[in-house]
Number of protein chains: 2
Amino acid sequence: MRNGARAAAPLRAEVQNDAPGHPVRPLNIEANHMTFPDPALDKIFRPSSVAVVGASDDASRISARPLRYLIERGYQGRIYPINPRREVVQGMKAYPSLSALPEAPDVAILAIPASLVADTLREGAAVGLKGAIIMSSGFAEAGDEGAAMQEEIQAVAREGGIRLIGPNCVGLFATEIGFYGTFTQSIDRDVPPPGGVAVVSQSGAYGGYIAYLASQRGLGINYWITTGNEADLEVGECIAWLAGRDDVKVIALYLEGVRKGPAFREGLARARAAGKPVIAMKVGRSAAGTRAAQSHTASLAGSDDVYDAVFREYGVYRTRTTDQQLDLAEACLNGVMPKGNRVGIITLSGGVGVQMCDAAEVYGLDVAPMPEEAGRKLKKLLPFAAVGNPIDTTAQVMNDMSLLSENIRIVLDEGGYDMIVFFLTTTPAAEAYTIPVRDAILNGLEGKRDKLVVLCMGATKEIRQSYKDMGFLVYQDADRAVQIAGALTDFGRVFAGEVPVAPFLPSPTLAKGGDPMSEYAAKRVLGAAGVPFLTEVLAQDAAAAVAAAEAAGGPVAMKVASADIQHKTEIGGVALNVAGADAVRDAFDRLSRNVRDKAPGARLDGILVAPMAPKGIEVIVGTVSDAVFGPVVMFGLGGVLVELMPDVTFQTAPFDLSTAREMIRRIRSWPLLDGYRGAAPADTEALARLLRDVSIFAAANAEGVESIDLNPVLVLEKGRGVVALDAVIEPRG
Amino acid sequence: MRNGARAAAPLRAEVQNDAPGHPVRPLNIEANHMTFPDPALDKIFRPSSVAVVGASDDASRISARPLRYLIERGYQGRIYPINPRREVVQGMKAYPSLSALPEAPDVAILAIPASLVADTLREGAAVGLKGAIIMSSGFAEAGDEGAAMQEEIQAVAREGGIRLIGPNCVGLFATEIGFYGTFTQSIDRDVPPPGGVAVVSQSGAYGGYIAYLASQRGLGINYWITTGNEADLEVGECIAWLAGRDDVKVIALYLEGVRKGPAFREGLARARAAGKPVIAMKVGRSAAGTRAAQSHTASLAGSDDVYDAVFREYGVYRTRTTDQQLDLAEACLNGVMPKGNRVGIITLSGGVGVQMCDAAEVYGLDVAPMPEEAGRKLKKLLPFAAVGNPIDTTAQVMNDMSLLSENIRIVLDEGGYDMIVFFLTTTPAAEAYTIPVRDAILNGLEGKRDKLVVLCMGATKEIRQSYKDMGFLVYQDADRAVQIAGALTDFGRVFAGEVPVAPFLPSPTLAKGGDPMSEYAAKRVLGAAGVPFLTEVLAQDAAAAVAAAEAAGGPVAMKVASADIQHKTEIGGVALNVAGADAVRDAFDRLSRNVRDKAPGARLDGILVAPMAPKGIEVIVGTVSDAVFGPVVMFGLGGVLVELMPDVTFQTAPFDLSTAREMIRRIRSWPLLDGYRGAAPADTEALARLLRDVSIFAAANAEGVESIDLNPVLVLEKGRGVVALDAVIEPRG
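Residues numbered from 1 in each chain as written. Chains lettered and ligands numbered in written order. Predicted model: local features only at pLDDT ≥ 70, side-chain atom pairs only at ≥ 80, totals over all residues. Heavy atoms only, no water.

- The name that an unreviewed UniProt entry assigns to chain A is CoA-binding domain-containing protein, with the source organism given as Pseudooceanicola nanhaiensis.
- Reading the Sequence similarities (unreviewed entry) entry of the UniProt record for chain A gives the comment "In the N-terminal section; belongs to the acetate CoA ligase alpha subunit family." (UniProt positions renumbered as here; feature names shortened; annotations may be inferred.)

**Remarks on the overall build of chain A**
Piece 1. Counting its regular elements, chain A contains 24 helices and 29 strands.
Piece 2. Along the three orthogonal principal directions, the C-alpha set of chain A runs to about 95 × 80 × 45 Å.
Piece 3. Evaluated residue by residue, chain A yields a buried proportion of 59% over its 733 residues.
Piece 4. Long-range contacts, defined as pairs at least 24 residues apart, comprise 72% of the intrachain contacts of chain A with a sequence gap of at least 6. (Helix = DSSP H or I, 4+ residues; strand = E, 2+ residues; numbered from the N terminus. Buried < 20%, exposed > 50% of the residue type's maximum accessible area, 1.4 Å probe, protein only. Contact = heavy atoms within 4.5 Å.)

**Some points on the confidence of the model for chain A**
In low-pLDDT regions, the fine details of the predicted coordinates are not to be read closely.
Residue and element names in this part refer to chain A.
Piece 1. When pLDDT is averaged across chain A, the result is 90; 94% of the residues are at 70 or more.
Piece 2. Confidence over residues 1–33 falls short of pLDDT 50; this stretch has 66 contacts with residues more than four positions distant or in other chains.
Piece 3. Considering only residues more than four positions removed or in separate chains, one finds that residues 296–301, a stretch of pLDDT under 50, has 15 contacts. (pLDDT = per-residue confidence, 0-100.)

**Overview of the interface of chain A and chain B**
Piece 1. In this complex, chain A contributes 71 residues to the contact, which on the side of chain B involves 71 residues.
Piece 2. Of all residues in chain A, Tyr209, Leu644 and Met645 of chain A bury the most surface against chain B, accounting for 12% of the area lost on that side.
Piece 3. At the junction of chain A and chain B, the tally comes to four salt bridges.
Piece 4. At the boundary of chain A and chain B, one finds 31 residue pairs in polar contact (both at pLDDT 80 or more).
Piece 5. Elements supplying a minimum of two residues to the side of chain A that touches chain B: helix H5 (186–189), helix H6 (204–216), helix H9 (287–296), helix H11 (322–334), helix H12 (352–362), helix H21 (641–644) and helix H23 (670–673) of chain A.
Piece 6. Partitioned by chemical class, the residues of the side of chain A that touches chain B number 35 nonpolar, 21 polar and 15 charged. (Buried area = accessible area lost by both parts, 1.4 Å probe. Salt bridge = Lys/Arg side-chain N within 4 Å of Asp/Glu carboxyl O. Polar contact = N/O pair within 3.5 Å; in protein donor to acceptor, adjacent residues only side chain to side chain. Nonpolar A, V, L, I, M, F, W, Y, C, P; charged D, E, K, R; others polar.)

**Looking at the pairing of strand S15 (residues 343–347) of chain A**
Residue and element names in this part refer to chain A.
Piece 1. The buried fraction of S15 is high, at five of five residues.
Piece 2. Here S15 runs beside strand S17 (residues 419–423); their pairing, made up of five bridges, is parallel. If you follow Thr347 over to S17, its bridge partner there is Phe423. (Pairing = 2+ DSSP bridges.)

**Regarding the pattern of salt bridges**
In a structure, side chains of opposite charge can pair up when their charged atoms sit close to one another.
Piece 1. Evaluation of the coordinates by the stated rule reveals 84 salt bridges over all chains.
Piece 2. Between Arg409 of chain B and Glu406 of chain B there is a salt bridge, with its nearest N and O atoms 2.5 Å apart. Highlighted residues: Arg409 of chain B and Glu406 of chain B, both in helix H14 (residues 401–413), separated by three residues, approximately one helical turn.
Piece 3. We classify Glu406 of chain B as partly exposed; its relative accessible area is 27%.
Piece 4. Through salt bridges with shared partners, one network takes in Arg217, Asp323, Asp327, Glu330, Lys468 and Arg480 of chain A.

**With respect to the sheet that holds strand S9 (residues 179–182) of chain B**
Residues and elements named next belong to chain B.
Piece 1. Taken in spatial order, the seven strands make up an open sheet running S9-S8-S11-S10-S12-S13-S14, and their pairing is mixed. Pairing within the sheet leaves two strands with one partner each, and these edge strands are S9 and strand S14 (317–318).
Piece 2. Relative to S9, strand S8 (residues 171–174) is paired through four bridges, and the arrangement is antiparallel. Paired with Leu172 across the strands is Gly181, a residue of S9.

**Observations regarding helix H15 (residues 431–444) of chain B**
Residues and elements named next belong to chain B.
Piece 1. Taking 1.5 Å of rise per residue, the 14 residues of H15 would be expected to cover 20 Å, and the 21 Å separating its terminal C-alpha atoms lies within 8% of that figure.
Piece 2. Residues of H15 that are buried include every one of Thr434, Val437, Arg438, Ala440, Ile441, Leu442 and Gly444, and no others.
Piece 3. The elements touched by buried residues of H15 are H14, strand S17 (419–423), strand S18 (452–456) and helix H16 (461–468). (Expected span 1.5 Å × (residues − 1).)

**A look at the environment of Gly622 of chain A**
All names here are of chain A.
Piece 1. Within the element layout of this structure, Gly622 appears in strand S24 (residues 617–626).
Piece 2. With 76 residues separating them along the chain, Gly622 and Val546 place their C-alpha atoms 33 Å apart.
Piece 3. Setting aside residues up to four positions removed in sequence, Gly622 forms contacts with Val632, Val633, Met634, Ile708 and Asp709.

**Regarding the relation of the copies chain A and chain B**
Piece 1. Once chain A has been moved 0.0 Å along the axis and rotated by 180°, it coincides with chain B to within an RMSD of 0.1 Å. The symmetry that links the two subunits is that of a two-fold axis. For chain A, the smallest separation between a C-alpha atom and the rotation axis is recorded for Met645 of chain A, amounting to 4.0 Å.
Piece 2. Looking at the interface residues of chain A, 100% of them are also at the interface in chain B, so both copies use one shared face. (Least-squares fit on C-alpha atoms with pLDDT ≥ 70 in both.)

**Focus on the sheet that holds strand S11 (residues 221–226) of chain A**
Residues and elements named next belong to chain A.
Piece 1. The mixed open sheet is built from seven strands, whose spatial order is S9-S8-S11-S10-S12-S13-S14. At either end of the open sheet lies a strand with only one pairing partner, and these are strand S9 (179–182) and strand S14 (317–318).
Piece 2. Where strand S10 (residues 197–201) meets S11, five bridges bridge the pair, whose relative direction is parallel. From the neighbouring strand, Ser201 faces S11, where its bridge partner is Thr226.
Piece 3. Packed on one face of the sheet, helix H7 (residues 235–243) meets S10, S11 and strand S12 (250–255) and runs near 170° to S12. (Axes fitted to C-alpha atoms, helices over the stretch in contact; angles between N-to-C directions.)

**Focus on the UniProt feature "domain: CoA-binding" (unreviewed entry) in chain A**
Piece 1. Under the feature "domain: CoA-binding" (unreviewed entry), the UniProt entry names residues 44–139 of chain A.
Piece 2. Within the segment residues 44–139 of chain A, helix and strand shares are 22% and 23% respectively, and the terminal C-alpha atoms sit 21 Å apart.

**Quick notes on helix H4 (residues 144–160) of chain A**
All names here are of chain A.
Piece 1. Taking 1.5 Å per residue, 17 residues should reach 24 Å; H4 reaches 24 Å between its end C-alpha atoms and fits that length.
Piece 2. Residues of H4 that are buried include every one of Gly146, Gln150, Ile153, Val156 and Ala157, and no others. One side of H4 holds all its buried residues, which, seen down the axis, span an arc of 125°. In H4, the exposed positions that point more than 90 degrees away from the buried face belong to Asp144, Glu151 and Glu159.
Piece 3. Close packing links the buried residues of H4 with helix H3 (117–127), strand S6 (131–134) and strand S7 (163–165).
Piece 4. Following H4 by one or two positions, Gly161 adopts a phi angle in the positive range, close to 70°. (Arc of directions from axis to C-beta.)

**Quick look at the side chain of Lys276 of chain B**
Residue and element names in this part refer to chain B.
Piece 1. Relative to the helices and strands, Lys276 is located in the loop between helix H8 (261–273) and strand S13 (278–282).
Piece 2. It turns out Lys276 is buried and unbridged, and the closest side chain with the opposite charge, Asp246, is 5.0 Å from it.
Piece 3. Among the polar contacts made by the side chain of Lys276, one reaches the main-chain carbonyl oxygen of Ala243 at a distance of 3.2 Å. (Lys, Arg positive; Asp, Glu negative; His and termini not counted.)

**So, the nonpolar core**
Piece 1. Ranked by internal contacts, the top residues of the largest apolar core, which has 302 residues, are Phe179 and Phe264 of chain A together with Phe179 and Phe264 of chain B.
Piece 2. Among all residues touching Phe264 of chain B, those that are not within four sequence positions of it are Glu234, Val235, Gly236, Ile239, Leu253, Leu255, Val258, Val310, Phe311 and Phe629 of chain B.
Piece 3. With 92 residues, the next largest nonpolar core counts Phe635, Ile664 and Ile696 of chain A together with Val619 of chain B among its residues. (Core = buried A, V, L, I, M, F, W, Y, C linked by side-chain atoms within 4.5 Å.)

**A word on the packing of aromatic side chains**
Piece 1. Evaluated as defined, the whole model comprises 34 aromatic pairs over all chains.
Piece 2. Site record: aromatic cluster; members linked through ring pairs are Tyr206, Tyr209 and Tyr254 of chain A together with Phe423 of chain B.
Piece 3. Lying over the aromatic face of Tyr417 of chain A, Arg342 of chain A brings its terminal NZ or CZ to 5.1 Å of the ring centre.
Piece 4. Seen from the ring of Tyr95 of chain B, Lys93 of chain B lies directly overhead, with NZ or CZ sitting 4.7 Å from the centre. (Phe/Tyr/Trp six-rings, centres within 6.5 Å; stacked < 30°, edge-to-face > 60°. Lys NZ or Arg CZ within 6 Å of the ring centre and 35° of its normal.)

**Side note on the pairing of S8 of chain B**
Each regular strand displays side chains that alternate between the two surfaces of the sheet.
All names here are of chain B.
Piece 1. Across the two faces of S8 the burial is the same, with Gly171 and Phe173 and Leu172 and Ala174 all buried.
Piece 2. The antiparallel pairing of S8 with S9 creates a hairpin that spans four residues between the two strands, and Gly178 there sits at a positive phi of about 70°.
Piece 3. Here S8 pairs with strand S11 (residues 221–226) via three bridges, running antiparallel. Across the sheet, the residue bridging to Ala174 is Tyr223, located in S11.

Structural data, given as structure tokens:
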């Protein structure tokens, strides 16, 4: 990666690599190659030659299909069937082995028993094979024995310089060159035409299903990749490769669980930098779904909330159904992506406008009222129209199509809207109107094709297609029409927005496999990293405790300090609101005695003396080490109620101050921090600094820290800062 | 209503009509007829003869269409075109007026200028006309003048005994008798076939759109009704009529805002009693949508939350898109409605199971694990299968179809599931499998067709239809397949469930147009209705205050009592935590003096003395008088945080104790009341009694009370009751 000239949008964590005085923190991409994505992927996804190992003549066998598809679909490269028991397979000359070939093929398809894969790869490495698509199953998905075999083929491939797709995958196809290196039967039914969509699916069978649904609607797919067990290549590197292709305009993902978080993020960063929308369907949101996912795949699931955070970070649009995903992919091929969210809703008849306003709210669009002057102009044009927003033209425009054009002109030019969603009822389905309505809309849009126009109409497939052919997005369902407009706007904003710069990371302070830490130790470490705590004095004797209490200048809290005691309250190790020298002395003696009596083996470091907590709003700040994405910061409102109605948000670490500010504003109870009902605003700037500092600490110490808990953190009045009352660090490893 | 023998499921509020000692509270259905629904609707929705007033020869005119549709579609009754300027219209003998007809037609379609409608109705009344479908616009939707005209035609119709549909409606059709009394152009494009669906739409244009989308998918519609301005007939009475028809199996509604709440509820109650699913799309959820709805229709919107409450009460399924609505309507025609929610998910290939589990959670289905014994049997049958739930048969079943049948048998018989959702990938699309797979499923289901089976497959329309023809529900989208299963289960539970019995209502205590009430007066009235308050004494002098404080037995709160003072705290009219005789005496004097000094005009009733509030969980209980549905009880958690993250639920009043218990369990913070994290459970039974009593009071005093606020109500420990600390009653009228 360090010499990777192709890195279009580096991962945040890399930024410090060039910063003097900071240690280099390499990308956590397991690499047996020096660039990302590996240039060898060109040969795997667009091979000039392919060997089909295990090619069969028996049409009923899975192993017969890839060869048949390659032949039937007119693969433009050279095909080498390999079958030691036959001279001819499916009418082609067959070779006994990879080493018998006249050249080293770009890629080999392995449709052979799992037990034969390792040796075949060894043979491939010897002849200079660069890639293998392993369809064989019986690896990690099949238990311990299979997992061992998978490790073996990983090692063989790494040593031999072969990149792997699979095993246990359904293969891939590249439409334009006719490379159908797959056994998915879905392409026996129907094949997607060429087109700007790329599909990456972690599920082979469902990937085939997506391909079928896409072909049903004529949606063009240039690349379709199933990744199977991801013993080597995983979804992130595939995305990175696709992001660099001119013949890919939009990337659709079907995810069960990403294995390599950093590579996945890097892939998404590349796609964003290249202005390529990524639309993800990630399954396993629910408890039942997560359970099913774990039993189905060998992958680490990671937390679904963290996926949402990562998707938000890179502007990935998450859909819940394949139908939505394909609609949106199609729209991304043709649609404009607005940078603003003001939508003008036009209808030929009033009723549906309400429905579309409801949808606009759901999908983040602003049905801003028509400016007065524009409204007057519209009213002059169409006296019976409703000229607010939605704009109900009434059927009057049907008598004079120029009114329709002029209406659109006024809405866009004078209304200042970023886009139009136009509900046309079934009017375009009437023969007399099909072409005039279309032309009137085109006239109204002359010189404005940079604006997004989404049409909703009831009409035959052919009529709708005739509108699509003019570059319109066309839907029958009003809700879907608005959803697409909202999604394209989300992409428009992401691509127009600035990519936040990652903060530099300091050297780690906690190594992997450290001992459990006491609260006191955790506070010292985090205090050094910028987290404000109450001034705590570790008093070794009563006199020191009294002095500390006097310095605090008010009632104090006293707690026993011992790494051996987890639950201080239970052994009588805490005293609150202690005021006056005598009381402090008594408390010191009582607490010390309680440790001796009730936790006899515990090592007592002393008694902590701290001021009582000031008044503030309780929040919680924490980090977790996500199995896939590493350190993630969690922030939310505190208190018992939010356990029942959680109000938390996640952000992968590290991040900068502006991201921290956004994070604070994301929770629903944000107004509580902003001065709710006349209360003084809380110090949200200090809170943002705390979040940033925690994120940097967690990222720098990713190896040594499993989780951090600051609960509660009090956010004081504006200008008075924040203070964490408790700290727990769980070491890692 | 009182002599309505057809009343299958009476409105709750009617129950007390037969109860001795309780006043009769008639249904608030504005009735110029004595039965509900009016038997005259038979003549309007299924007429034997129709007059088309204003029938035109000019095909370009809206007024030409109903006659043309009636002729073209082969209406089975007698048609009388009426046009004083022509002898023949569209090839039929025309009459100059209604009075010139040889018979009184069952219904007249009025496609004439608004100004002519009233006189035409007068003429119709004279000849004995029973119903009119008024397509003319320019009434209440067009401003004050139109509203006055609408009132006139309402009066004419009432006096003349004519029921009206419209004005400003697009008409209606009854498919089987070929009655197309409509000008919707959508049926020029395509007409829905006959079938068990009835559509009632408050939007004419969108109603036409729904009809078009239904015809596109071949969904059968026997009745299609647009209600326009609803000057007389509104959606509720239409539902009631449809609920009584054997040729209606499911009712689909498109609602902008119901005008007559009681009639609407009565209609829904009839549909539920008749076991007919009602699927509603109600627009105007969002702020923008509500604004658009108000500018578009003349209807009162009512609160969208209250619609949700009413839908829940009658088991109406609310969809957000027309696509969902039509899918579900079709499913209701063919599908079984399970009484339990245990779903067995079967897939031919693993990946999609996770997605379907996610969907099951969203749609309320339980992906319960396979019982062990059943799992063993399955594993014996299919050694490579995943036999939990989802059940992944693997492609093995493709080699021996009997395995597929046996699999289904085991899942239903031994798994105890209420339904199966089966994902078949694109396998049925392969010619070799289309029929074998279908037959294998049918075999497996022999004797079990009472179980719901939903199939999901990628295949051509024709192949999917061949499965539908065998009675299966078939979808391409996995999420939709599960959604339909969930919705059918919701209906199954509603129809199997008991209809709660309404409590008896006492006589009202507050008349319409009462004076503003003081807190003290509100507490007395509500206290008499069963709401527990702290014992409050209204002390006229200091000695009485001291005596009251001594009786309370602890520190007391003291407040000035005056209907003239709204904000007691601001004038120094409240003293808290007052302990001891001297302090009470001082406080009495100080509070009285503050009233004299700071609110000199106010009439002081005395000083209220009450014990300080005990510890409990703060909730809020209130009622509002919904513009459409009348008194509605609101219940939710109290405190400042829930203003930002509301946790409230609504229920129309009155209701019984079991409904009150359900209501309490509906809020998300219910666990807080149930003894959260080791806390003692709160007295939720006392809370349920309070909610029921408030609902009865609000219903009995619907005329006199606009709203009630009990905020906060403290829910004490179990067995210790509840206590309301404050009470506000806003009088009505």
